[in-house]
Amino acid sequence: MRFISGLSLVTLSAFVLMIGACGHQAASEVGEPTKVSAATLSSPEILAAENVIEKDPASPQGYNLLAIACIKKARETADHSFNKKGEEAVEKALSIAPEDQMSRKLHATLMASAHRFVEARESALSLTRELPDDAFAFGILVDANAELGNYDEAVKAAQKMVDLKPNSASYSRVAHMRSLHGDHAGAVKMLITAARTADPQDKEAQSWCLMQLGKEYFKVGDLERANKVVDESLAISPNYPHSLIEKARYLAAAGDLDGAEARLRQATERVSLTDAAIMLGKISRKRGNMEEARRHYASAEKTELAGGGDVHPFALLWADEEMRLDEALAVAQTDYETNKDIYASDILAWCLHKKGMTREARDLIQKALRLNTNDAKILFHAGMIERDLGNRKAAANHLSAALKANPYFDLLQADIAKSALAEMQ
């Protein structure tokens, strides 16, 4: 759910081309998560990598190609269990040749995808010292530093990356830095450039760039443009799960819950998806069926854990739904101990607030606001915290700012924001 699972898509595509490999990041009642089967794994890239391994099992090359093919499959399907096989392949490559630079880049990428950002940053720093002109290594450094809250370092790494290689991957990194700092127009400009410069032979990279552009438009409540670009993404890749989920989000925001559910069903035809299950839960909640919503939420958690993820993405959901609050707080605190980015600060603040520790929450929410990101959800949390502290003017200002930024920011929480603001007027 963090940024790394998105931007690394474009970056890895460029890396695949650079090393000469083939090609190029939450169902209705979602059942058992789809397992990675031998048939599913038999993509041309995977078969080609396995052939290389069979011919020369003592070389890291085949294992690196297999890792790339698995990461590619994980991106295309949003089934992150493929990353497990990719990590196994990279570990085998490193056991053969510990200093192999390609293997180390892939290992750092997989660590970042698994939210092991401290390790990813250390690996990226080592790689950039050895390879000062390697844009890919700087891309990993951008991602890891952003997730750890080291924003000055992330900006410097992004600038270095775009200076070294002005392409879709680096433009996407710059866009993320601009968005984090509240520069929506600048982020849009860079994402449009990223989409235009994506490899025309790589449909997934093109679709991802357009989907990310849609998310940036949605961030400021521009449903018309968000819908337009996500439709362009789906025209390129009709079954691209990331774009289907975003399309469902925009349809739900516009009140078309049936249409949103249909897109989520399409996205989960072949594999269970955490984000899709959570959104289905919110749709059920919006319809007044809390029992069904909880089943979707439970299924989302099961899917995430089965795919090698963790419960960190659920702390915010549990706090929103006022369920499992002790566990939500513990998870948010653990996350914040390592990842002190604005989103970890925000989630911990919200969990503290829900547990009645609102004064402590206020200190954390100020850290979440420190970049002036203009994120409606963070502004909403700030408003509710100030309201409960009796600071009505500050509360009204934050809630107004949240709804101005994006009146559709969450299918359920946006209604709470509107009601809270109306009560103070």
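For clarity, every value in this text was computed on a predicted model and none was experimentally measured.

K.L.:
For the overall build of the protein chain, give the residues involved together with the corresponding values.
P.N.:
Of regular secondary structure, the protein chain possesses 24 helices and zero strands. Scored against the burial criterion, the 425 residues of the protein chain give a buried share of 58%. Counting every atom, the protein chain has about 17600 Å² of accessible surface; 49% of that belongs to carbon and sulfur.

K.L.:
Summarise the packing of aromatic side chains; cite the residues concerned and give the values.
P.N.:
A full pass over the atoms with the stated rule returns four aromatic pairs. Ring geometry for W350 against F380: centres 5.5 Å apart, planes inclined by 55 degrees, an arrangement best described as tilted. Here W350 is found in helix 20 (residues 342-354), whereas its partner F380 is found in helix 22 (residues 376-388), with 30 residues between them in sequence. Note on accessibility: W350 and F380 belong to one class, buried. Here a set of aromatic residues connected by ring pairs shows up, and it is made of W350, F380 and F409. In this arrangement the basic side chain of K340 is found over the ring face of Y336, its NZ or CZ atom lying 5.0 Å from the centre.

K.L.:
Before we move on, can you summarise helix 11 (residues 184-197) with the specific residues and values?
P.N.:
Between its terminal C-alpha atoms helix 11 stretches 20 Å, which fits the 20 Å expected from 14 residues at 1.5 Å a residue. Residues of helix 11 that are buried make contact with helix 10 (168-180) and helix 12 (203-219).

K.L.:
Explain the packing of helix 23 (residues 392-405) against helix 24 (residues 413-423) to me, using residue names and the numbers behind them.
P.N.:
Two quantities define a packed helix pair, namely the angle between the axes and the distance from one axis to the other. Here helix 23 crosses helix 24 at 140 degrees, and the two axes come no closer than 10 Å. In this view, helix 23 runs oblique relative to helix 24, as classed from their interaxial angle. Between helix 23 and helix 24 lies a crossing whose hand is left-handed. In this structure, helix 23 uses R392, A396, L399, S400 and L403 to contact helix 24, whose residues at the interface are A414, A417, K418, A420, L421 and E423. Residues belonging to the contact of helix 23 with helix 24 are distributed by class as follows: seven nonpolar, one polar and three charged.

K.L.:
Which residues make up the pattern of salt bridges, and what values go with them?
P.N.:
Applying the stated rule across the entire model yields 28 salt bridges. The partner of E386 in a salt bridge is R362, with the nearest N and O atoms 2.8 Å apart. A residue pair is termed long-range when its members are at least 10 positions apart, and E386 in helix 22 and R362 in helix 21 (residues 358-368) qualify at 24 residues. Between E423 and R387 there is a salt bridge, with the nearest N and O atoms lying 3.8 Å from each other. You can see E423 sitting in helix 24 and its partner R387 sitting in helix 22, a full 36 residues away along the chain.

K.L.:
Mind laying out the packing of helix 3 (residues 44-55) against helix 4 (residues 60-77), listing which residues take part and the relevant values?
P.N.:
Two numbers describe how helix 3 lies on helix 4: the axes approach to 8 Å, and their chain directions differ by 165 degrees. Here helix 4 runs roughly antiparallel to helix 3, going by the angle between their axes. When the axes of helix 3 and helix 4 are compared, the crossing they make is left-handed. Residues E45, I46, A49, E50, V52 and I53 of helix 3 form the contact with helix 4, whose own contacting residues are Q61, G62, Y63, L65, L66, A69, C70 and K72.

K.L.:
An account of unusual backbone geometry is needed here, citing residue identities and associated values.
P.N.:
Here the phi dihedral of H115 falls at roughly 65 degrees; this positive angle occurs in a residue that is not glycine. The topology assignment puts H115 in the loop between helix 6 (101-113) and helix 7 (117-130). One non-glycine residue, N372, lies in the positive phi region at around 55 degrees. The exposed category is assigned to N372, whose relative accessible area is 61%.

Basis of the calculations
- Throughout, residues of each chain are indexed from 1 in the direction in which the sequence is written.
- Where local features are concerned, this predicted model is filtered to residues with pLDDT of at least 70; where side-chain atom pairs are given and counted, the filter is 80 or more; whole-chain, interface and lining totals use all residues.
- Computation of side-chain values covers all heavy atoms of the structure but excludes hydrogens and water.
- The helix and strand labels rest on DSSP assignments: H or I over at least four residues marks a helix, E over at least two residues marks a strand, and numbering proceeds from the N terminus.
- Each residue is assigned to one of three classes by its accessible area relative to the maximum for its type, calculated with a 1.4 Å probe on protein chains only: buried under 20%, partly exposed between the two thresholds, exposed over 50%.
- For accessible areas, the Shrake-Rupley method is used with a probe of radius 1.4 Å. Any residue's cover is judged against the shown protein chains and nothing else.
- Stacked, tilted and edge-to-face are the three classes assigned to paired rings of Phe, Tyr and Trp, where Trp is represented by its six-membered ring and a pair needs centres within 6.5 Å; plane angles under 30 degrees give stacked, over 60 edge-to-face, the rest tilted.
- Two conditions define a charge sitting above a ring: the NZ of Lys or the CZ of Arg must be within 6 Å of the ring centre, and it must be within 35 degrees of the ring normal.
- Expected helix span is taken as 1.5 Å per residue step, with the number of steps being one fewer than the number of residues.
- Contacts are assigned to residue pairs that have any heavy atoms within 4.5 Å of one another.
- Here, axes are lines fitted to C-alpha atoms. For helices the fit covers the stretch in contact, and angles between N-to-C directions go from 0 to 180 degrees.
- Should an angle lie under 35 degrees it is considered roughly parallel, over 145 roughly antiparallel, and from 65 to 115 roughly perpendicular; all remaining angles are considered oblique.
- Throughout, a crossing is termed right-handed when the near helix is turned clockwise from the far one, and left-handed when it is turned anticlockwise from it by less than a right angle.
- Gly falls in the polar group here, along with every residue not listed as nonpolar (Ala, Val, Leu, Ile, Met, Phe, Trp, Tyr, Cys, Pro) or charged (Asp, Glu, Lys, Arg).
- We define a salt bridge as a contact between a side-chain nitrogen of Lys or Arg and a carboxyl oxygen of Asp or Glu at a distance within 4 Å.

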